[in-house]
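Observations on the three-dimensional arrangement
So the chains spell out like this:
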Amino acid sequence: MDTLGPIDLHHQDAERVIGCYLVETSGGLALNDCGPSSCVPALLRGLEQRGLSIRDIDHLLLTHIHLDHAGAAGALVREHPGLRVHVSEVGAPHLADPSRLERSARRLYGDTFDRLWGELAPVPEENLVVLDGDVLGLEAFPTPGHASHHACYLAPDGTLYAGDAAGVRIGSDRYVCPPTPPPEFDLATWLRSIDEIERRNPTRLALIHFGVVDDPGPHLDELRRRLRDWAREDLSEEEWLRRREDERARESGEPEAYERAMPLWQSYAGLRRYWDTAADTGAPTIASR
């Protein structure tokens, strides 16, 4: 059984937008992230192709609670009441009662919410397990910056299940970029998280968007550089989008795939909030190193 390659969740009927990973743990088989409820049929098909059903999965190892990573957690627990959902202490209450999370997402996505993400069902509190160091033989450690509640999982074989902390890279494409959506993007914090990832010297990075990276060092160097470049100048939306679209067209062989996985308007919205918050507080917008 392939437990390293991603299960493609075919979000919006497209390939390589959102994936999740089977993980063999000391406590049974787990999924690293699960995608949104709109992708549950594709997830179940992917498991079936591997000779599995959702009831063969004992654990969900969630990196964070954004809908493209964790939106289906409640629906999957309803289907499989024995499923244990591992998540950060900050994220756990929002899974138990996702109403605030849903209100915020509906403001951002408007009429497209239901089509994109589907149902956001609560996870019963008895199914939630708050992350605290070792998890089923993996090291779970905080990696904020993309989101304050983000965590990664390092497996004994050196695979880092990275969520969004290691950025977006589609398949074997060389282009690496950071998802910087609102409301919690913070440059200095994310740069420190990259340092924490590098300190653990992973042998590969399992990215939800999308695929397994076998060159972690150069990949993380490129992510760090681009994070700084994107956050360096407080630009208008029109100018920032023009620069990023030109950059992506030059450097990526699949610009349309990146737009599906990480729409640039979302990244600008997160940067806009970051710049405005820095202006209000007088904080610097570039971390010194």
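Here, every reference points to the structure presented above.
First, a word on scope: everything that follows refers to the structure included in this document. (Residues numbered from 1 in each chain as written. Predicted model: local features only at pLDDT ≥ 70, side-chain atom pairs only at ≥ 80, totals over all residues. Heavy atoms only, no water.)

1. Side note on the pattern of salt bridges
Put simply, the rule is: Salt bridge, as applied in this entry: a Lys or Arg side-chain nitrogen positioned within 4 Å of an Asp or Glu carboxyl oxygen. Helical segments are the DSSP runs of H or I of at least four residues, strand segments are the runs of E of at least two, and each set is numbered from the N terminus.
This structure, assessed with the given rule, holds 27 salt bridges. For R16, the salt bridge is made with E254, and the minimal N-O distance between the two is 2.3 Å. Residue R16 is located in the loop between β1 (7-8) and β2 (19-25), and its partner E254 is located in the loop between α9 (237-251) and α10 (255-261); the two are separated by 238 residues in the primary sequence. Of the charged contacts, one joins D229 and R225 as a salt bridge, the two residues approaching to 2.7 Å between their closest N and O atoms. Taken together, the residues D229 and R225, both in helix α8 (residues 216-232) and four residues apart, mark about one turn of the helix.

2. Observations regarding the sheet that holds β1
Where we set the bar: Two strands pair if DSSP finds at least two bridges between them.
With mixed pairing, six strands are arranged side by side in an open sheet as β1-β2-β3-β4-β5-β6. The open sheet terminates on both sides in strands that have one partner only, identified here as β1 and β6 (128-130). One ladder, built from three bridges, connects strand β5 (residues 84-87) with β6; its direction is parallel. Bridged to V87 within β6 is V130.

3. A word on the environment of R50
Threshold: Three exposure classes are used, based on accessible area relative to the maximum for each residue type with a 1.4 Å probe and protein chains only: buried under 20%, partly exposed in between, and exposed over 50%.
Checked against the element boundaries, R50 lands in the loop between α1 (40-49) and β4 (59-61). Here R50 falls in the partly exposed class, since its relative accessible area comes to 23%. In this structure the C-alpha to C-alpha distance between R50 and I7, which are 43 residues apart in sequence, comes to 9.6 Å.

4. Topic: helix α7 (residues 187-199)
For clarity, the cut-off: Helix span, as expected, comes to 1.5 Å for every residue beyond the first. Pairs of N or O atoms are called polar contacts if they sit within 3.5 Å, as long as, within protein, a hydrogen donor faces a hydrogen acceptor (for residues adjacent in sequence, only side-chain-to-side-chain pairs).
If you check α7, its first and last C-alpha atoms are 19 Å apart, about what 13 residues at 1.5 Å a residue would give, namely 18 Å. The N-capping residue of α7, defined by a side-chain oxygen 3.5 Å from the backbone nitrogen of A188, is D186. Once α7 finishes, N201 follows within two positions and takes phi at roughly 50°, a positive value.

5. Remarks on the sheet that holds strand β10 (residues 159-163)
Basically, it comes down to this: When checking whether two residues touch, look at their non-hydrogen atoms; a contact exists if any pair is within 4.5 Å. To obtain an axis, a line is fitted to C-alpha atoms, over the contacting stretch when the element is a helix, and the angle between two such axes runs from 0 to 180 degrees between their N-to-C directions.
What the six strands build is an open sheet, ordered β7-β8-β9-β10-β11-β12; its pairing is mixed. Edge positions in the open sheet fall to β7 (134-135) and β12 (211-213), since each of these has one partner strand only. For strand β8 (residues 138-142) and strand β9 (residues 151-154), the ladder comprises four bridges, and the chain directions are antiparallel. By the bridge assignment, A140 is partnered in β9 with Y153. The strands touched by α8 are β11 (204-207) and β12; relative to β11, the strand with the most contacts, the crossing angle is about 55°.

6. Observations concerning the packing of α8 against α9
Quick note on the threshold: Our angle categories are set so that under 35 degrees counts as roughly parallel, over 145 as roughly antiparallel, 65 to 115 as roughly perpendicular, and the remainder as oblique. Each crossing gets its handedness from the near helix: less than a right angle anticlockwise from the far helix is left-handed, clockwise is right-handed. Each residue is assigned to one of three groups, with Ala, Val, Leu, Ile, Met, Phe, Trp, Tyr, Cys and Pro labelled nonpolar, Asp, Glu, Lys and Arg labelled charged, and all others, Gly among them, labelled polar.
Remark: α8 packs on α9, axes separated minimally by 12 Å, with the N-to-C direction vectors making an angle of 155°. Between α8 and α9, the angle is such that the two are roughly antiparallel. The handedness of the crossing between α8 and α9 is right-handed. On α9, the residues that touch E222, R225, R226 and W230 of α8 are W240, R244, E247 and E251. Residue composition of the contact of α8 with α9, by class: two nonpolar, no polar and six charged.

7. A few points about the environment of L136
By secondary structure assignment, the location of L136 is in the loop between β7 and β8. Taking C-alpha positions, L136 is 8.3 Å from G28, a pair spaced 108 residues apart along the chain. Non-local contacts of L136, meaning those with residues more than four positions away in its chain, are made with T25, S26, G27, H59, L61 and H86.

8. With respect to the state of the cysteines
Condition: Disulfides are defined as pairs of cysteine sulfur atoms found within 2.5 Å of each other.
Taken as a whole and assessed by the stated rule, the structure comprises zero disulfides. Left without a disulfide partner, C39 is nearest to the cysteine sulfur of C20, which lies 9.3 Å away. By relative accessible area, which is 3% here, C39 ends up buried. Not part of a disulfide, C152 finds its nearest cysteine sulfur in C20, a span of 16 Å.

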